[in-house]
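Topology and contacts: notes
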Amino acid sequence: METVDLKKVASKWQKKWADKKAFEVKEDPKKPKYYCLEMFPYPSGKLHMGHVRNYSIGDAFVRYKRLKGFNVLYPMGYDAFGLPAENAAIKNNSHPEAWTDKCIGMMHEQQLEMGFSYDWSRQVGTHKPEYYHWNQWIFLQMLKKGLAYKRQSTINWCPSCMTVTASEEVIDGKCWRCKTTIELKEKEQWFLKITAYTEELLKDIDKLEHWPERVRTMQRNWIGRSEGTLVDFPIVDKDGKQGKEKFTIFTTRPDTLWGVTFVVFAPEHPKVMELVKGTKDERKVLEFIKTTTVDEKFTRSEEATEKKGMSTGRYAVNPLTGDKVPIYIANFVLMEYGTGAIMAVPTHDQRDYEFAKKYDIPLKVVITPKDKKLDAATMKEAYVDDGVLVESGPFNGKNNREAIPLINEYLKKQKIGKTTVNYRLRDWLISRQRYWGTPIPIVYCEKCGMQPVPEEQLPIKLPKDVKFDQTGNPLERSKAFLNAKCPKCKGNARRETDTMATFLDSSWYFLRYCSPKYDKAPFDPKAAAYWMPVDQYIGGIEHAILHLLYARFFTKVLRDLGLTKVDEPFTRLLCQGMVTLNGETMSKSKGNVVDPGVINDKYGPDTARMFILFAASPEAPLDWSDTGAESTFRFILKFGRLFDKHESVDGVKDKLVVSKMHRIIKTVGEEIEDFQLNNAIISMMDYVNFLQKSKDHTSPKVFKEALKASCVLFSPIIPHFCEENWEILGEKPFVSLQEWPKYDEKKIDIAAEAADELADSTRSDILKVLELAKISVPKGITLFVAPQWKYDLVKLVKEKAKETRDSGAIIKEVMKTDLKRYGQDIVKMVPKLVEKSPIVVLDEKIELKALEAAASDLGKEFDCAVKVVKASESTDAKAKVAMPGKCAILVN
């Protein structure tokens, strides 16, 4: 077994699985279903360790669920559209489809080599017409329902990718793909009306009880619901008089309206250029708008960002006081939030206070503490606590919070304001000016205007006659694609050249897996009714907002179209941690990438899988270690040696082996169920070590039973090697399709196991004593077993600790028993026992017997006489420190 080639073993069983279609699945109403899915990859060409970790977690869990009797759907596909393929085509003067298919082939081959148990008959590629046909169909249904529309908008333009980028795809002002600084442009764009589902998307987050709270919070914050008030502010005309023109601000603090001393517009607000047109400040304002870069757009609202602004030279009128207040523009106001214009009350908002001080804007106090009068001239910071309203017209003397609904009613009666609910979420921009994406099924006719493509003409395929020898959108240069017929008048028309954002492809792919060859709709509603929702979804935290929010939105739209009945696509979500090397993120630029292919060639896929699952819990970061991989490889070989033929001396260990086997079945099952895969592996490793030690003292029948259980239990982690050993045992394939063994509580002997573990822990303690005493060869060793009263005390303390952790109270209870004669010792021992006590408490006789049984082996190992003595019968001072589960050790 030492020379076993784990890669060769893996290839053997991968072929057998494929030949027998072992993991292909179909709907079976007689079996409980389980749908597990990892976020499908962009086909970049080769697997990286992040992929391997993601898929190893999912595959281990899926294999366990199969063993538990579930009908498991576990598919795989490729999120194949996107700019990298188009950029590669430009660079290599090739076609993105050829590049994509080549990359898919490479990635698919590596996934096969890792032995992931996917149902490959369900593979999808989003770049295939049979898939994006249904992107177009869904778009048309949304168009009919008013959920898809086109409008002029300020867009985020990536000058490197030469395309639009959605707000969610801009990270710190840079393109999420190429990291180029984003620019702002005006352009007509296609949007999906995700805001029609805002309230439901927000409310249903509460249903996602098996999602990480961090992700749920991120989605709530992105949707950003806030209740507030809209207030109209008249604009002072250029002659200095209050004009008829108004603008509306959004505020959550109408109680501070009387304290407004300036108002602020977002630099992008369309009103700004109207206000300054023809004024002396026009050029300065335009320059400020240009210098307030898009980078600031995504950081400028943060508290740490310096607040910059300038006056427009124009004024508004506070509708409640009649005061003229200057109109500013500033970087901290976002067009995306509220109305893009805010009121500013520097005495009661710290940000406004700092801005007012910086630009010498007056301050006015309208809220004061009950017992103190505030003076705006002497204030060093904004007063942001609640208090009593002053200088607030009819509301003077009222508590500011209690006055808010009254003020809102007053504004309504005066016809200058109203309450509203505001959201941060904006409609989803899906237009992209590139080739490698789903064509938008729209044509433009000079006579009939914009027209949807009839459904029977779908899919509108990407043309092949395109060249990638220059930047820009190749579709605009393809006559074969551009020239179309108007479906209404049959005259000449021009196709839409924008393609859909790739996040749209991944917003419903999980439904396509339910029936990937279905050609009458995006998916078969009956199949989806059986498989959906996805029971377990696995992927990175970086998709917490974009992909997951869009997938939730699409699921609700498809539900309303009558195609599915589920409200939410993913019941459980696990966000796996990153894989690092020496604490640093792996990247080609750093030269610290670990190639899974190299690890596979050297150690076989089971080694990589086991190490990845063992080294950290799924959610935690994992630091790759070549040493760790080597150790894992050696352990797998050690496990294999258990299956070598052996002659047992006796069956002394039978009962113990059976007890541990039933306990490990229970423990490992519970740990995998809770995604504690690393703990499950530790439990299995402990059992393997125990079996290795107990091999010669276990009967062949019991040992084979233990090996069969071990094969099944370990098969989710190292499936290929377990198949090989299952075959060695003479069992029919496949171990992967067996039943998870059932445990019998009656056969679990905790006391016997504890006694066995006592011998092991005592051996470790002897080694520590020898090391501390610097003794290489002891003359003799004496083991002192604690007196029975200490066992009685530990049991009593454990029982009382269930009711209270107060050591004093427990001591009082103990002193009411016969144990009170050991009063001084009890006072010292109880606090320590409350803090930590043995999980299993035996008694003096059992521990004495266990150590006497181990004395012979210990004597041979340490080459000296080993005596076991009752502490109660010894006068040696060392005997006094003996405790239940931890004998005292004297080395001569």
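Figured I'd write up the structure that's included with this text. (Residues numbered from 1 in each chain as written. Predicted model: local features only at pLDDT ≥ 70, side-chain atom pairs only at ≥ 80, totals over all residues. Heavy atoms only, no water.)

On to the overall build of the protein. When helices and strands are tallied, the protein shows 29 helices and 33 strands. With the C-alpha coordinates of the protein rotated into their principal frame, the extents come out at 110 × 80 × 50 Å. Looking at the protein as a whole, 55% of its 892 residues qualify as buried. If you sum the accessible surface of the protein, you get close to 41,300 Å²; carbon and sulfur atoms cover 51% of it. Distance between charge centroids for the protein: 3 Å, based on 139 positive and 125 negative side chains. (Helix = DSSP H or I, 4+ residues; strand = E, 2+ residues; numbered from the N terminus. Buried < 20%, exposed > 50% of the residue type's maximum accessible area, 1.4 Å probe, protein only. Areas by Shrake-Rupley, 256 points an atom, 1.4 Å probe, with all protein chains shown as cover. Lys, Arg positive; Asp, Glu negative; His and termini not counted. Charge placed at Lys NZ, Arg CZ, Asp CG, Glu CD.)

This part is about the sheet that holds strand E2 (residues 71-73). Pairing is parallel in the open sheet, where four strands are placed in the order E2-E1-E26-E27. Edge positions in the open sheet fall to E2 and strand E27 (570-575), since each of these has one partner strand only. Strand-to-strand twist of the sheet, defined as the mean angle between neighbouring strand axes without regard to direction, takes the value 20 degrees. Where strand E1 (residues 33-38) and strand E26 (residues 534-539) come together, three bridges link them in parallel fashion. Paired with Glu38 across the bridge in E26 is Ile538. Its contacts with the sheet put helix H2 (residues 49-67) on E1, E2 and E26, and the angle it makes with E1 is roughly 170 degrees. (Pairing = 2+ DSSP bridges. Axes fitted to C-alpha atoms, helices over the stretch in contact; angles between N-to-C directions. Contact = heavy atoms within 4.5 Å.)

Applying the stated criterion across every chain, the model contains 51 aromatic pairs. Ring centres of Tyr55 and Phe116 lie 5.7 Å apart, and the angle between their planes is 80 degrees; this geometry places the pair in the edge-to-face category. Here Tyr55, found in helix H2, pairs with Phe116, found in the loop between helix H4 (96-114) and strand E4 (124-125); they are 61 residues apart in sequence, far enough to count as distant. When the centroid spacing of 6.2 Å and the interplanar angle of 25 degrees are considered together, the rings of Tyr687 and Phe690 count as stacked. You can see Tyr687 and its partner Phe690 sitting in helix H22 (residues 677-694), three residues apart, about one turn around the helix. Ring-pair connections join several aromatic residues into one group, and the members of that group are Tyr34, Phe61, Tyr64, Phe70, Phe675 and Trp740. In this structure, Lys16 is placed above the aromatic ring of Trp13, and the distance from its NZ or CZ to the ring centre is 5.5 Å. Stacked on the ring of Phe481, the Lys or Arg Arg495 has its end atom at 5.9 Å from the ring centre. (Phe/Tyr/Trp six-rings, centres within 6.5 Å; stacked < 30°, edge-to-face > 60°. Lys NZ or Arg CZ within 6 Å of the ring centre and 35° of its normal.)

A few words now on the pattern of salt bridges. Tallied over the entire structure, the rule returns 55 salt bridges. Here Asp560 and Arg559 are joined by a salt bridge, their closest N and O atoms 2.9 Å apart. You can call Asp560 partly exposed: its relative accessible area is 40%. The class of Arg559 is buried, set by a relative accessible area of 17%. The network of salt bridges with common partners includes Glu200, Lys203, Asp204, Lys207, Arg552, Lys556, Arg559, Asp560, Asp567 and Glu568. (Salt bridge = Lys/Arg side-chain N within 4 Å of Asp/Glu carboxyl O.)

Attention now goes to helix H3 (residues 83-92). Of the positions making up H3, those classed as buried are Leu83, Ala85, Glu86, Ala88 and Ala89. Following H3 by one or two positions, Asn93 has its phi on the positive side, about 50 degrees.

This next bit is on a nonpolar patch on the surface. Residues Ile750, Ile839 and Val840 make up a contiguous nonpolar surface patch of roughly 290 Å² in combined accessible area. Mapped onto the elements of the fold, Ile839 is located in the loop between helix H28 (823-835) and helix H29 (844-862). For Ile839, a relative accessible area of 81% corresponds to the exposed category. (Patch = residues over 30% accessible without salt bridge, like charges linked within 9 Å, V, L, I, M, F, W, Y side chains within 5 Å.)

One finds Met49, Met610, Trp624, Phe639, Phe714, Ile718 and Trp740 to be the most contacted residues of the largest nonpolar core, which totals 89 residues. What Met610 contacts, discounting residues up to four positions off in sequence, is Thr632, Phe635, Ile636, Ile681, Met685, Phe714, Ile717 and Ile718. (Core = buried A, V, L, I, M, F, W, Y, C linked by side-chain atoms within 4.5 Å.)

Now for helix H7 (residues 213-223). Listed in full, the buried residues belonging to H7 are Val215, Arg216, Gln219, Trp222 and Ile223. Within H7, the buried residues cover an arc of 130 degrees as seen down the axis, which keeps them to one side. Set apart from the buried face of H7 by more than 90 degrees, the exposed residues are Arg214 and Asn221. Those residues of H7 that are buried lie in contact with helix H6 (198-203), helix H17 (546-560) and E27. Following H7 by one or two positions, Gly224 has its phi on the positive side, about 60 degrees. (Arc of directions from axis to C-beta.)

All right, on to the pairing of E26 then. The buried fraction of E26 amounts to six of the six residues, a majority that puts the element mostly inside the structure. Across five bridges, E26 lies against E27 in parallel orientation. In the sheet register, Val534 faces E27, and the bridge partner there is Phe570.

To continue, consider the side chain of Thr698. Turning to its location among the elements, Thr698 is positioned in the loop between H22 and helix H23 (700-714). By relative accessible area, Thr698 is classed as buried at 0%. Those residues in contact with Thr698, other than ones at most four positions away along the chain, are His646, Ser648, Asp650, Gly651, Lys653, Asp654, Val657 and Phe703.

Looking now at the sheet that holds strand E21 (residues 442-445). Across the sheet, four strands lie side by side as E22-E21-E24-E23; this open sheet has antiparallel pairing. Among the strands making up the open sheet, the edge pair consists of strand E22 (449-452) and strand E23 (483-485). Strand-to-strand, the axes of this sheet are offset by a mean angle of 45 degrees, without reference to chain direction. As judged from the three bridges shared by E23 and strand E24 (residues 492-495), these two strands associate in the antiparallel manner. Following the sheet pairing, Lys485 is matched in E24 by Asn492.

Okay, the packing of H2 against helix H19 (residues 605-614) next. When two helices pack together, their arrangement is given by the angle between their axes and by how far apart the axes lie. Across the interface, H2 lies against H19 with an axial gap of 9 Å and an inter-helix angle of 90 degrees. In terms of orientation, H2 and H19 fall into the roughly perpendicular class. Between H2 and H19, the contacting residues are Met49, Val52, Arg53, Ser56, Ile57, Asp59, Ala60 and Arg63 on the first element and Arg609, Ile612 and Leu613 on the second. Residue composition of the contact of H2 with H19, grouped by class: six nonpolar, one polar and four charged. (Parallel < 35°, antiparallel > 145°, perpendicular 65-115°, else oblique. Nonpolar A, V, L, I, M, F, W, Y, C, P; charged D, E, K, R; others polar.)

Mapped onto the elements of the fold, Ser507 is located in the loop between helix H14 (502-505) and helix H15 (509-512). In terms of polar contacts, Ser507 uses its side chain to reach the backbone carbonyl oxygen of Phe503, at 2.7 Å. The contact partners of Ser507, leaving out residues within four places of it in the chain, are Trp428, Tyr550, Ala551 and Phe554. (Polar contact = N/O pair within 3.5 Å; in protein donor to acceptor, adjacent residues only side chain to side chain.)

On to the packing of H19 against helix H20 (residues 626-641). Running from amino to carboxyl end, H19 crosses H20 at an angle of 115 degrees, the nearest separation of the two axes being 9 Å. Classified by the angle between their axes, H19 and H20 sit roughly perpendicular to one another. As H19 packs across H20, the resulting crossing turns out to be right-handed. Across the interface between the two elements, Asp606, Thr607, Met610 and Phe611 from H19 touch Gly628, Ala629, Thr632, Phe633, Phe635 and Ile636 from H20. Split into classes, the residues belonging to the contact of H19 with H20 amount to six nonpolar, three polar and one charged. (Left-handed = near helix turned anticlockwise from the far one by under 90°.)

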